[in-house]
Amino acid sequence: MNGDSGAGEDAAILPLGDRALLVRFAETLSEDANRRAIAFAARLDAYPPDGIEEVAPGLVSVLIRTAPSVDFWRLSGELRLLVGNEVAAPGRRHEIAVSFDGEDLAEAAALTGMPPGAFIARHNSKDLRVLATGFAPGFVYCGFHDNTLVVPRREKVRPMVPAGTVIFAAGQTAIAATPIRTGWHVIGRTAFRNFDPAQDPPTTLSAGDTVRFVSAR
Amino acid sequence: MTTITILRAGPLTTLQDEGRFGMLRHGISASGPMDRGAFMAAGAALERAGSTAIEHTQGLAFEADEAVRVAWPEARHIKAGERVEVPAASGNYGYVRFERELDIAPLLGSMATNVTVGLGGYKGRALRAGDRIALGKRGVPVTTNAAAAAEGPIRVIWGIHADLFPSALRQRFGEASFRITTQLDRMGVQLEDVAGLFRDQRRLTLVSDFIVPGDVQILGDGTPIVLMRDHQPTGGYPRIATIVDADLDRFAQMRPGTMVNFRPVAR
């Protein structure tokens, strides 16, 4: 698709302590870097090099935890050969019903210059991708909204919002799967829970999956 | 069935096994013992040890309703109904291990407690007086390659954001002393930047990226925090360095008030 950011050599392979390394596709968040990170993690899942204990895709990077004996330079050379420009194939599709009654909905809508109804319609108007799971168990970043829906975070952090809270900032919508503190705008809530520790795997959404938000009836 | 009853527990007394690995893609950090060496040593003191330890911070008192072998870290035989007083460890964390497994259902493959998110261990929380834990099947022999207790600066590898810090500041980071503060728990250890290295730290906007235990992050106000076993899986503050695996136990045991130096080493 849009693997047009140059050759795989532009990925940075960085030590993260002496038991992990990071393959970072960009220093700022972009559609391309995110797709490449997800694709690279999937590739390592399918063909794991020796000495790798864990692989996880992030927003713009892939974390690789290594066994104690692994030589960083040898492994990074091996990874360098595997890094490509391929982008992830679309994952599974999920529809997530949201009650748009969050305490910051009006404020978030105002920041976009839209009345709340128009904001919600725009928010739900296109498929988003799960960019990454991170920050807290089952917490997913979904993006990207178009430019009219890019607003900064709030000035103040809310000390605790419950699981199921739907939050919005930086052209993304995220879903809290556990109680978290957040500086994002609370725009709604969902009955969907992306984290169930009694299940293995404990999360439903994976990086690269497609998410469509709809208004709960 | 043998049952132990907690009679006294300091704050942050938790059940820990080696850790809940492989769950980072679900947003779950591994947890596990703050001092793996001490955890292993208590296990190795027994002929067989259950996989799970009680990690305590200020000593522990418990009793068992039947005789059982236990180590903290020297092995002992305790009698039924005997009140057992485990003294506080010389650092921040001590370990009590039993010859048998703790009869608690593992969660996502591990008995480790992550108190931050209320996951695993004993009902996802710290132990307190009155809690009862049954002992299950016999454990397995534990071997440990006990390394000599190292001294001197804590070794670090430059972090994933080290290049965002001026080279003069990086130079000073390898020379300056930091003080361990009382703001420490299983999630992180806040340091006092005695020399004021990061006094003029500006707030940086970074993409949230993976955290590993031992990461030294600098908050927007210049406060250094070393992230520990119950760290958030990802974070957006710049990380100047990461403590090497072999030195993380020793760092975790440093008491508040201790001065610590970091020595950058090559990977």
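Please read these numbers as outputs of a predicted model, since none were measured by experiment. (Residues numbered from 1 in each chain as written. Chains lettered and ligands numbered in written order. Predicted model: local features only at pLDDT ≥ 70, side-chain atom pairs only at ≥ 80, totals over all residues.)

From N to C terminus, chain A includes four helices and 13 strands. Relative to the globule expectation of 17 Å for 217 residues, the C-alpha radius of gyration of chain A, 18 Å, shows essentially globular dimensions. Principal-axis analysis of the C-alpha atoms gives chain A an extent of 55 × 40 × 30 Å. When each of the 217 residues of chain A is scored for burial, the buried share is 47%. Sequence separation of 24 or more characterises 63% of the internal contacts of chain A that already satisfy a separation of 6 or more. (Helix = DSSP H or I, 4+ residues; strand = E, 2+ residues; numbered from the N terminus. Rg over C-alpha atoms; globule rule 2.2 N^0.38 Å. Buried ≥ 20, exposed ≤ 12 C-beta atoms within 10 Å, placed from the backbone. Contact = placed C-beta atoms within 7 Å.)

Attention now goes to the overall build of chain B. What chain B contains, in helices and strands, is three helices and 19 strands. Its C-alpha atoms give chain B a radius of gyration of 19 Å, within 12% of the compact-globule value 18 Å for 267 residues. Dimensions of chain B, computed from C-alpha atoms along their principal axes, come out at roughly 60 × 35 × 30 Å. The buried share among the 267 residues of chain B stands at 48%.

Attention shifts here to the interface of chain A and chain B. Across the boundary between the two partners, chain A contributes 34 residues, which contact 26 residues of chain B. Counting residues per element, the side of chain A that touches chain B draws most heavily on strand β3 (residues 52–57) of chain A, which supplies four residues. Class assignment of the residues belonging to the side of chain A that touches chain B gives a composition of 19 nonpolar, nine polar and six charged. (Nonpolar A, V, L, I, M, F, W, Y, C, P; charged D, E, K, R; others polar.)

All names here are of chain A. Its 16 residues place the ends of helix α1 (residues 31–46) 23 Å apart at the C-alpha level, agreeing with the 22 Å of an ideal helix rising 1.5 Å per residue. Buried within α1 we find A33, N34, R35, R36, A37, I38, A39, F40, A41, A42 and L44. Next to the buried residues of α1 lie β2 (20–24), β3, β4 (61–66) and β6 (128–133). (Expected span 1.5 Å × (residues − 1).)

What follows covers the sheet that holds strand β4 (residues 60–64) of chain B. Residue and element names in this part refer to chain B. Strand order in the open sheet formed by five strands is β7-β4-β1-β10-β9, and the pairing between neighbours is antiparallel. Taken across any chain shown, the strands that pair with only one partner, and hence form the sheet edges, are β7 (84–86) and β9 (100–102). This sheet shows a mean twist of 35° between the axes of neighbouring strands, independent of strand direction. Two strands pair when backbone bridges link them, and β9 and strand β10 (residues 132–138) are joined in this way by two bridges, in the antiparallel orientation. Bridge assignment links L102 to a residue of β10, and that residue is L135. (Pairing = 2+ DSSP bridges. Axes fitted to C-alpha atoms, helices over the stretch in contact; angles between N-to-C directions.)

Residue and element names in this part refer to chain B. Annotation of chain B at the domain level lists domain 1 (3–138) and domain 2 (154–264). The straight-line distance from the C-alpha centre of domain 1 to that of domain 2 is 28 Å. The interface of domain 1 with domain 2 comprises 19 residues on the first partner and 13 residues on the second. The class makeup of the residues in the side of domain 1 that touches domain 2 is eight nonpolar, nine polar and two charged. (Domains from an automatic or database assignment.)

Take the pairing of strand β13 (residues 210–215) of chain A next. All names here are of chain A. Summarising the sheet, strand β5 (residues 93–99) and β13 pair through six bridges and their orientation is parallel. Within the sheet, the bridge partner assigned to V98 lies in β13 and is S215. Pairing of β6 with β13 involves two bridges; the strand directions are antiparallel. Following the sheet pairing, L128 is matched in β13 by V211.

A41, V62 and I167 of chain A together with V226 of chain B are the most contacted members of the largest nonpolar core, which has 132 residues in total. The element best represented in this core is α1 of chain A, accounting for eight residues. Ignoring sequence-local partners within four residues, the contact set of I167 of chain A consists of A174, A176, T182, W184, H185, V186 and I187 of chain A. (Core = buried A, V, L, I, M, F, W, Y, C linked by C-beta atoms within 7 Å.)

Residue and element names in this part refer to chain A. The domain architecture assigned to chain A consists of domain 1 (8–82) and domain 2 (93–215). Here the C-alpha centroids of domain 1 and domain 2 sit 27 Å apart. Contact with domain 1, which involves six residues of that partner, is made by seven residues of domain 2. Among the elements that make up the side of domain 1 that touches domain 2, the one with the highest residue count is α1 (three residues). Here the residues of the side of domain 1 that touches domain 2 are counted per class, giving three nonpolar, two polar and one charged.

Our focus in this paragraph is the environment of T52 of chain B. Mapped onto the elements of the fold, T52 of chain B is located in the loop between α1 (36–44) and β3 (53–56). For the pair T52 of chain B and G139 of chain B, spaced 87 residues apart in sequence, the C-alpha to C-alpha distance is 9.5 Å.

Residue and element names in this part refer to chain B. Spatial ordering of the closed barrel is given by β11-β18-β15-β16-β13-β12-β19, a layout of seven strands whose pairing is mixed. For this sheet, the mean angle separating the axes of adjacent strands, direction not counted, is 40°. Direction of pairing for strand β13 (residues 188–192) relative to strand β16 (residues 224–227): antiparallel, over a ladder of three bridges. Of the residues in β16, the one forming a bridge with G188 is L227. Sheet strands touched by helix α3 (residues 245–252): β11 (154–158), β16 and β18 (239–243). Its angle to β11, the strand with the most contacts, is close to 130°.

Looking now at unusual backbone geometry. Between G143 of chain A and the following residue, F144 of chain A, the backbone shows a cis peptide bond with an omega angle of 0°. With an omega dihedral of 10°, the bond running from W72 of chain B to P73 of chain B counts as a cis peptide bond. As for its placement among the helices and strands, P73 of chain B is situated in the loop between β5 (68–71) and β6 (75–78). Positioned with a positive phi, S31 of chain B is a non-glycine residue whose angle comes to about 55°. With respect to the helices and strands, S31 of chain B occurs in the loop between β2 (14–16) and α1. Residue L108 of chain B is not a glycine yet carries a positive backbone phi of 50°.

With that settled, consider the confidence of the model for chain A. Averaged over all residues, the pLDDT of chain A is 93; the fraction at 70 or higher stands at 96%. Counted against residues more than four places away or in other chains, residues 1–7 of chain A, with its pLDDT under 50, gives eight contacts. (pLDDT = per-residue confidence, 0-100.)

Attention now goes to the pairing of β2 of chain A. Residues and elements named next belong to chain A. Buried residues dominate β2, accounting for five of its five residues. Both faces of β2 are covered, namely the face carrying A20, L22 and R24 and the face carrying L21 and V23. Sheet topology places strand β1 (residues 12–15) next to β2; four bridges connect them, and they run antiparallel. Directly across from I13, in β2, lies its bridge partner V23. Linking β1 back to β2 in an antiparallel pair, the connection comprises four residues, with G17 at a positive phi of about 70°. Sheet topology places β2 next to β4; five bridges connect them, and they run antiparallel. Along β4, the bridge assignment pairs R24 with S61.

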